[in-house]
Each structure stands twice: as structure tokens, then as C-alpha cells.
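# Residue-level structure breakdown
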Protein chains: 2
Amino acid sequence: MSEILRVGIAGLGTVGASVVRLLDSRRNALALRTGRAIQVTAVSARDKTRDRGIDLSGVEWYDDPVALAASPDIDLFVELIGGEGGAAKAAVETALATGKHVVTANKALIAHHGRALAELAEEKGVALAFEASVAGGIPIIKTVKEGLAGNTITRIYGILNGTCNYILTRMEKDGDSFSKCLKQAQKLGYAEADPTFDIGGYDTAHKLTILTALAFGVNVNIDAVYVEGIDKIDAIDIRMARKLGYRIKLLGVAERSDSGIEQRVHPTMVPSDSPIARIMGVTNAVTIQSDAVDELTLSGPGAGGDATASAVLADIADVASGAVGRPFGPPVATLGRAIQEPIKRHEGGYYIRLTVADKPGAAASIVTSFADMEISLESIIQNRSESAAQLDPAGRSGAPVPVVVITYATTEAALRKAVDKVIAEGYVVEKPQVIRIERE
Amino acid sequence: MSEILRVGIAGLGTVGASVVRLLDSRRNALALRTGRAIQVTAVSARDKTRDRGIDLSGVEWYDDPVALAASPDIDLFVELIGGEGGAAKAAVETALATGKHVVTANKALIAHHGRALAELAEEKGVALAFEASVAGGIPIIKTVKEGLAGNTITRIYGILNGTCNYILTRMEKDGDSFSKCLKQAQKLGYAEADPTFDIGGYDTAHKLTILTALAFGVNVNIDAVYVEGIDKIDAIDIRMARKLGYRIKLLGVAERSDSGIEQRVHPTMVPSDSPIARIMGVTNAVTIQSDAVDELTLSGPGAGGDATASAVLADIADVASGAVGRPFGPPVATLGRAIQEPIKRHEGGYYIRLTVADKPGAAASIVTSFADMEISLESIIQNRSESAAQLDPAGRSGAPVPVVVITYATTEAALRKAVDKVIAEGYVVEKPQVIRIERE
């Protein structure tokens with residue numbers, strides 16, 4: 001190992017260019033802090049000719065990221081290519097196998113291959129660090145892994161996708177439909193042309209399984225996460241949530257249940273005075289509940305070149321300082337197995353919006369169906385003004401009416417049975433909307 | 001150094017007992033995470049016979065903490081005695097001088113002697129860690145020192161004293177006076193019998209100077225902090241703040257100014273929709289503004305045995321993992337000197353409450369006095385209903401009236417001159433209240 005920490009960076013998009021720039025501007029401060037000079041000595045990207053606004057003179061260029069990863073002239077390989085497999089995976093494997101430290105911002109890579117890559121890193125005694133893979137500029141991985149090392153964590157949940165939170169915020173502020181707000185997000189560059197990965201909840205699921213591994217001492221397993229996106233959220237749900245004292249957020253939640261670790265991503269009603277409810281726009285936030293600290297919340301930018309680069313730099317600084325821990329804390333061989341908890345076993349409160357024909361017996365059917373399943377109702381609201389506005393401009397009687405039910409804690413299995421019974425009795429004219437409630 | 005990390009703990013109050021208990025309950029998890037067994041092998045406290053609800057069998061007892069610190073049978077000394085000098089200082093010096101790692105929760109010790117102690121730790125190549133000294137269970141030191149290592153921090157501010165925040169929260173919720181809410185806090189154990197250290201802002205100042213050192217690369221200097229407490233805040237100020245869209249919080253603020261680092265502790269008006277304004281009760285919160293991450297906020301418990309013990313355990317776990325950095329990041333010899341910035345140079349918005357005789361000319365005197373100093377006013381409110389309720393139950397004309405002025409950014413020097421001019425013109429019948437405003 002040389003005196004200087006020689007860094008090779010693969011991928012020079014927004015984040016990569018920010019890493020190069022920040023490493024340069026913080027050169028002296030970082031050297032003083034870590035006791036070692038840090039220098040970008042080699043890079044790899046697709047297009048050598050593109051102007052990225054950074055000075056790459058004296059920096060070796062590689063067309064092939066795997067060749068860069070294999071080079072004996074670097075000590076640390078920064079992977080900013082992205083994607084769960086392909087060049088990113090091959091390059092990281094090569095870097096680790098040849099005894100280099102690896103820093104990556106790649107959530108898909110860690111969520112899918114974290115275990116195998118961590119084993120390789122442990123075997124070689126090098127770092128595999130991925131602070132930038134979750135919640136951008138929020139140092140949540142360091143917090144869970146090191147800052148709360150003395151805690152037994154019981155639940156961790158957060159807003160981990162800025163695109164979804166931006167859309168939900170606009171839906172509430174402007175009263176617009178999901179599709180209109182999605183288009184707005186796309187126009188502003190907050191959502192991709194194909195937004196499925198974000199709005200479908202998959203991005204959040206990738207991040208959640210990484211947090212779960214660190215918080216609960218189990219291996220990453222993206223298949224263990226139950227996932228629902230936000231595309232079925234209607235403007236009326238946003239309005240009803242507000243009326244009832246809630247906000248709708250796409251949350252990733254991991255918590256210890258009786259039988260294991262529950263990992264789920266879905267639209268969630270949170271009390272509007274809770275810290276997480278107040279996170280608006282593209283901001284991310286994570287709350288950790290644990291025995292010793294009780295509750296800790298971090299909020300900040302979840303994306304952006306500089307914010308993500310900040311996380312990459314923190315990982316690089318740790319390596320330069322000699323703080324090379326194991327990727328997930330304990331050896332991966334000792335980590336438990338995360339399996340998907342059946343969502344039907346989930347226990348909690350629910351918001352159910354039923355669109356029913358406005359005829360005698362509908363309310364009675366709903367109340368008795370829930371009572372039969374021993375589900376206690378916090379409130380039931382039949383909102384004729386919503387029906388008039390939404391479904392029947394003439395406001396004539398007999399038009400379908402939205403009925404919203406808020407339940408106290410019950411199991412999802414019981415809830416689904418109650419809803420099916422109301423449907424079977426013939427009052428429901430539209431697929432019911434079911435949103436889980438997360439209370440303190 | 002032995003295979004096991006042998007820990008000696010001096011001070012077995014609430015925090016000390018929690019540390020012993022948590023180290024025991026997290027024994028296996030910590031060993032897996034750090035790669036090393038951690039064991040409390042010796043303790044020191046005043047009263048050997050007291051029942052602390054912890055098992056100390058097989059643990060060596062010292063009556064003298066300095067003798068414990070000097071013992072060759074420990075690798076790490078945990079100082080939980082408290083106090084800026086005396087036994088705490090002597091014991092920490094002894095532990096460092098004899099080559100032991102030190103973990104402490106003692107803000108006064110670090111704020112007053114941090115530089116000298118850090119020099120000793122650096123010389124001996126051992127840890128001097130003090131996560132528990134600031135904001136209890138919030139891992140703010142790790143966040144500033146490591147998590148944001150790639151950032152240039154421009155401002156850091158926070159609610160660092162739960163006692164003050166509890167009192168201010170009650171004043172707002174119940175509409176009660178400062179002294180009544182202080183008594184309530186004392187009754188609940190949130191405030192000491194002699195509350196000066198908390199309500200006078202000194203506790204916050206100690207924590208702030210530690211954060212300043214880490215955030216701005218200067219040495220700790222408690223004398224560089226400008227300090228005002230909350231004891232002059234009146235119920236009417238709380239009401240007026242709310243009306244104007246603000247809340248009053250005791251903030252510690254450190255920021256880079258043209259001439260150096262401004263460090264100040266004082267009651268502050270913050271916009272009521274800002275994250276920091278929403279922190280209620282004994283909770284603490286810190287916001288860090290920096291170039292790369294922009295804005296990061298952490299909130300959680302600032303005190304309590306288990307929460308503080310969590311921070312102590314995180315420091316112990318770092319030592320066990322071999323992550324022994326320098327106490328303040330860069331070598332203390334390279335840190336700049338922090339000197340007190342004259343508060344008169346402070347620039348910001350102000351809330352001024354003037355109690356004036358209700359006679360012609362008062363408002364004109366105020367407006368022209370501020371205009372003469374080129375201070376722009378955001379609003380000026382003459383509140384006769386407040387005067388009636390507060391000062392003159394009969395509501396008769398001629399009674400003193402509170403006039404509240406909110407200014408745009410100005411210097412404190414100009415502001416003071418304007419206020420003095422209003423006083424000189426004879427309209428003011430009570431000492432004016434001046435509260436600084438902190439905007440984004």
C-alpha cells in the first residue's frame with residue numbers, strides 16, 4: 001500500500017464528476033483528517049471526449065472499468081456505473097479479488113449480490129462500503145452500523161425515494177391526480193421517462209433490504225421485501241387522509257415481528273404531526289426505533305450529485321483513516337436469513353375506501369362485516385360531497401358514494417376477509433382502496 | 001493489548017449503570033460486530049454498597065477513579081464522573097498518560113480542556129472519544145467528523161438542551177410564565193434544583209464549542225461563545241412569536257462569518273415550519289448546512305441514561321473495532337484558534353418588543369429611529385389587546401402598549417443604536433426585549 005491512497009473511479013456521470021471535484025477541493029482537509037493524501041489516479045467512463053467540467057490531466061484513462069479494477073496502480077476502486085449486474089458487478093468482483101477496497105453507490109448491486117461480495121471483501125480483508133447506496137447524503141448506514149452499535153433496533157422506516165415523495169407532496173398541495181403530478185416530476189427531472197422503478201416501490205425496496213441487513217443482522221434479500229407502489233393512490237385518498245389527520249407517504253418499513261423480520265414497501269398513512277409526515281418534496285428521512293435511544297430521525301437530501309458524492313467521500317475517508325470494518329458489521333456467515341413475512345400476517349391499522357352504491361344496507365353491510373372479523377373501527381365516514389364532486393356532478397341520489405373506514409390494529413388476513421364480505425354482498429362498485437397505517 | 005477489550009468505568013450513576021447493563025445485553029452482538037469481546041473488568045464510584053440493579057460480581061472495585069485509570073489491567077477508561085476539573089480531569093489525564101483509550105460523556109471537561117487532552121491522546125496514539133458529551137443519543141459527533149468528512153460546513157445549529165426546550169414548549173402549550181414552567185420542569189426532574197447551568201445557556205455553550213471544533217477545524221474554546229439564557233423570555237413573547245409565524249427556541253449556532261467563526265447561544269425565533277421549530281419537549285436536534293449535502297437534520301433524545309449510554313457504547317465499539325482516529329479529526333496542532341466574534345457584528349433579523357406609553361408620537365419615533373439606522377422593517381404590530389390583558393385590566397387608554405417590530409437583516413450594532421434612540425426619546429417604559437431571528 002502506497003503512502004498516498006490511490007483512487008480509481010469507474011463512472012463519471014453527475015455523481016462521479018462531483019466526487020472528483022470534492023476530492024480536489026477538500027484535498028488538504030481530508031489529508032489532515034485521515035492522515036493520508038487521497039488522489040484520483042485513474043478513471044473509466046464511456047466517452048473520453050465529453051466535457052464534465054473536471055480536470056483529468058495526469059489521470060489515467062481506462063475504457064474498460066474491469067481493467068481499471070484490475071490495475072495494480074490503485075488502492076481503492078469507486079464503482080459509480082450502476083446496475084445490478086454487468087460491468088458494475090464484474091468490476092467490483094475484480095477489484096475485491098485483487099485486494100482493493102471498494103466504495104459503491106450501487107443499491108441494486110448490494111441488494112442483489114451484497115452477501116457474496118461481502119464474503120469476498122472479508123476474505124481479502126478489504127473494505128466494501130456503500131453509504132451512498134441508501135438515502136444519498138444522509139449518513140444512515142454509518143448511523144445504523146456504528147452510531148447505534150449499542151442498540152437493539154426494533155423498527156426502521158423511512159422515505160427513501162424522492163421521486164415518490166415529490167409526487168405525493170404535489171398531489172396534496174395542488175390537489176392534482178397522480179398522473180398529472182408524475183408528468184410534472186418527469187418535466188423537472190425528478191422522475192425517469194420510465195418511472196416504474198421509482199413509483200413501483202422497487203427503488204425503496206432495494207434500499208430497505210440494505211438497511212434491514214445492517215439494523216437486524218440478517219443478509220440482504222430483495223426477494224424478502226413486500227412491495228406496493230404509489231400509482232394506485234387517488235386524489236380522493238390524499239384529501240381523505242388530510243381530513244382524518246394523516247398524510248400518505250411511500251415508506252420502507254422493517255421491523256421485528258413474532259416470527260422474523262417484516263420488510264415492506266407500500267403507501268402508508270402516517271399521523272400528520274409525526275416527524276416523517278412533515279418530510280416534503282424530494283427530501284428523504286429515516287427513523288430508527290431502538291431500546292436505548294428510543295427514536296432517532298435523520299432527514300436530508302436523498303439524491304443529487306454532490307449529496308451522493310458526500311457519502312462516497314465519507315466512505316473513502318474511512319478507508320484512508322484505516323477504519324476498514326466488515327461490510328455489514330458482523331461476518332456475513334453469521335448473519336441470519338431474511339425471508340418474506342406473509343403480508344397477511346401484518347398487524348396494524350388500515351384505511352379502506354369503498355365505493356358503494358348509495359342504497360339502504362351498504363353501511364350496515366360494512367359495519368357488520370368488520371364486526372364479524374372482530375375488527376374495531378376508529379371511524380367510518382360516508383362522504384356524499386366527495387361523491388357529488390367525483391362521480392356524479394348532478395349530485396343526484398343513488399350515485400356511488402365513497403365510504404372510508406379507519407380501523408384499529410388488526411391482521412391483514414382479517415381485514416381482507418371483511419372487505420371481501422362487503423364485496424360479496426354486492427354493495428361495492430369499484431375495487432376497494434386499502435392503505436396501511438403506521439402509528440408510533 | 002489483550003484479546004478482550006478490558007473496560008474500566010468511573011462513575012456509576014444513571015449513565016454508568018446503563019453502560020454496564022447494555023454492554024452485558026449486547027455482549028454477543030458487539031463481539032460479532034467489532035471482532036473483539038468487550039468486558040467491564042473494573043469500576044469506581046463513591047458508594048460501594050448502593051444497589052444499582054447491575055451485577056458487579058467479578059468486577060474489580062476502586063474507591064479512587066485515578067487509581068482505576070492508572071491500573072494496567074484495563075485497556076479503555078470510561079469517565080462518567082462529570083465536572084470540568086477535579087477527579088474527572090485527573091483520571092482522564094492519568095488514563096491517557098498511561099496509554100489507555102478514553103471514552104467520556106463529560107462536555108465540561110472537553111469544552112475546557114479538550115485541546116490539552118487531545119494532544120496527550122495523539123501523543124500516546126490512543127482514542128479520546130466523547131460522542132456522549134453532545135446531544136445524548138444523537139450520533140452527531142460521528143456525523144460531523146466522519147459522515148460529512150467530504151463537506152465544507154457553513155453553519156451548524158441546534159437545540160442542545162432538553163430542559164430549556166421543555167420549558168419553552170410548556171410556555172407555548174400552557175401559556176404559562178417562565179417561572180411556573182421552570183418549577184414544573186424541576187418537579188418532573190427535567191431541571192436541576194439550581195437550574196442556572198441549563199437555563200443560562202451554559203450547557204448549550206459547552207456542547208456548541210465541541211461541535212464547532214469538529215465542524216470548522218478550530219480548537220474548543222468555551223470563552224469564544226456568546227451566551228444568553230432563556231430566563232428573560234416572557235409569555236407575551238411566546239404568543240407574539242406564534243402570531244408572527246415563529247417559535248422561540250434556545251439555539252446554539254456556529255457559522256462562518258467574514259472574520260471568523262461566530263459561536264452564539266441565545267433564544268432564537270425560528271420560522272414555525274422549519275424542522276428545528278417542530279422539536280418539542282426534551283428532544284434535541286441539530287441541523288448542519290454544508291456545500292455538498294446542503295442541509296441535514298438529526299433529532300432524538302438529548303439526555304437519559306440509556307440514550308447517553310448508547311453514545312458511550314458507540315465510542316467503545318469504535319475502539320474495539322480498531323477505529324482509533326484523532327479526537328478532533330485533524331491533529332490539534334493544526335486546528336485554528338476560535339475567538340469570540342463581537343455580537344455587535346452579528347447580522348440577522350430581529351424581533352424587538354417595546355413597551356411604550358400609549359401616547360401620540362410613539363410609533364413615529366420607532367419607525368424613524370429604525371429608518372435612521374437604515375433598518376428595513378418586515379412588520380410592526382401595536383397590540384392593544386395584549387396591553388389590556390397584561391398591563392391594564394381596565395383597558396383604559398393611556399396604559400403602556402407592547403409594540404413588536406420584526407426587522408429584515410441588519411447588524412446588531414445598528415439595531416442597538418435604533419433601540420437606544422427610541423428609549424432616549426422617552427416613549428419606552430420597560431427594558432426592551434430583543435430576540436434574534438434565525439432564518440434558513
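Counting restarts for each chain: residues are numbered from 1 in the order of the written sequence. Think of it this way: whatever chain is written first is A, whatever ligand is written first is 1, and the rest follow in order. It should be noted that, the model being predicted, local features are given only for residues of pLDDT at least 70 and side-chain atom pairs only at 80 or more, the latter also being counted only at that level, while totals for whole chains, interfaces and linings use all residues. Only hydrogens and water are removed before side-chain values are computed, so all heavy atoms of the structure are retained for them.

Our focus in this paragraph is the packing of helix α13 (residues 362-372) of chain B against helix α15 (residues 412-424) of chain B. Residues and elements named next belong to chain B. Structural elements are reduced to axes, namely lines fitted to C-alpha atoms, with helices fitted over the stretch in contact, and the angle between N-to-C directions of any two is expressed from 0 to 180 degrees. Helix and strand definitions here come from DSSP, where helices need a minimum of 4 consecutive H or I residues and strands a minimum of 2 consecutive E residues; each element is numbered from the N-terminal end. Axis separation between α13 and α15 bottoms out at 8 Å; the angle between their running directions is 150 degrees. The interaxial crossing formed by α13 with α15 has right-handed handedness. Seen from α13, the contacting residues are S365, I366, S369, F370 and D372; seen from α15, they are L415, A418, V419, K421 and V422. Residue classes in the contact of α13 with α15 are distributed as 6 nonpolar, 2 polar and 2 charged. Helix crossings are classified by the rotation of the near helix relative to the far one: an anticlockwise turn of less than a right angle makes the crossing left-handed, while a clockwise turn makes it right-handed. Contacts are residue-level and defined by heavy atoms, with any inter-residue pair within 4.5 Å sufficient. Polar here means any residue outside two lists: the nonpolar Ala, Val, Leu, Ile, Met, Phe, Trp, Tyr, Cys and Pro, and the charged Asp, Glu, Lys and Arg; Gly therefore counts as polar.

Both the distance between ring centres and the angle between the ring planes are used here to describe each pair of aromatic rings. Residues and elements named next belong to chain A. Each pair of aromatic rings taken from Phe, Tyr and Trp, with Trp reduced to its six-membered ring, is defined by centres within 6.5 Å and is described as stacked if the planes are under 30 degrees apart, edge-to-face if over 60, and tilted in the remaining cases. Per the counting criterion, the structure on display carries 4 aromatic pairs over all chains. Judged by centre distance (4.8 Å) and plane angle (65 degrees), the ring pair of Y166 and Y190 falls under edge-to-face. On the criterion of sequence distance, the pair formed by Y166 in helix α7 (residues 162-174) and Y190 in the loop between α8 (178-187) and α9 (196-199) is long-range, its members being 24 residues apart.

We now examine the UniProt feature "binding site: NADPH" (unreviewed entry) in chain A. Residue and element names in this part refer to chain A. UniProt positions are given in the numbering used here, feature names are shortened, and annotations may be inferred rather than shown by experiment. Following the UniProt record, one finds the feature "binding site: NADPH" (unreviewed entry) at K107. Between buried and exposed lies partly exposed: a residue is buried under 20% and exposed over 50% of the maximum accessible area for its type, with that area taken using a 1.4 Å probe on protein chains only. Residue K107 is classed as partly exposed on the basis of its relative accessible area, which comes to 22%. Among all residues touching K107, those that are not within four sequence positions of it are S133, F197, D203, H206, K207 and I210.

This brings us to the domain arrangement of chain A. Residues and elements named next belong to chain A. Where each domain starts and ends follows an automatic or database-derived domain assignment. In terms of domains, chain A is made up of domain 1 (5-133), domain 2 (140-301) and domain 3 (344-437). Contacts between the two partners involve 10 residues from domain 1 and, on the opposite side, 13 residues from domain 2. As a working definition, buried area equals the accessible area (1.4 Å probe) given up by two parts on being put together, with both sides summed. Area buried by domain 1 at its contact with domain 2 is led by K107, A111 and E131, which between them contribute 53% of it. Salt bridge, as used here, is a side-chain nitrogen of Lys or Arg placed within 4 Å of a carboxyl oxygen of Asp or Glu. Inspection of the domain 1/domain 2 interface yields 1 salt bridge.

This next bit is on the side chain of D198 of chain B. Residues and elements named next belong to chain B. With respect to the helices and strands, the residue D198 is situated in helix α9 (residues 196-199). There is no salt bridge for the buried D198, and the closest opposite charge comes from K207, which lies 6.1 Å off by N-O distance. Look past the residues within four positions of D198 in its chain and what remains in contact with it is N161, T163, C164, E192 and D203. The sign given to each residue is positive for Lys and Arg and negative for Asp and Glu; His and the chain ends receive no count.

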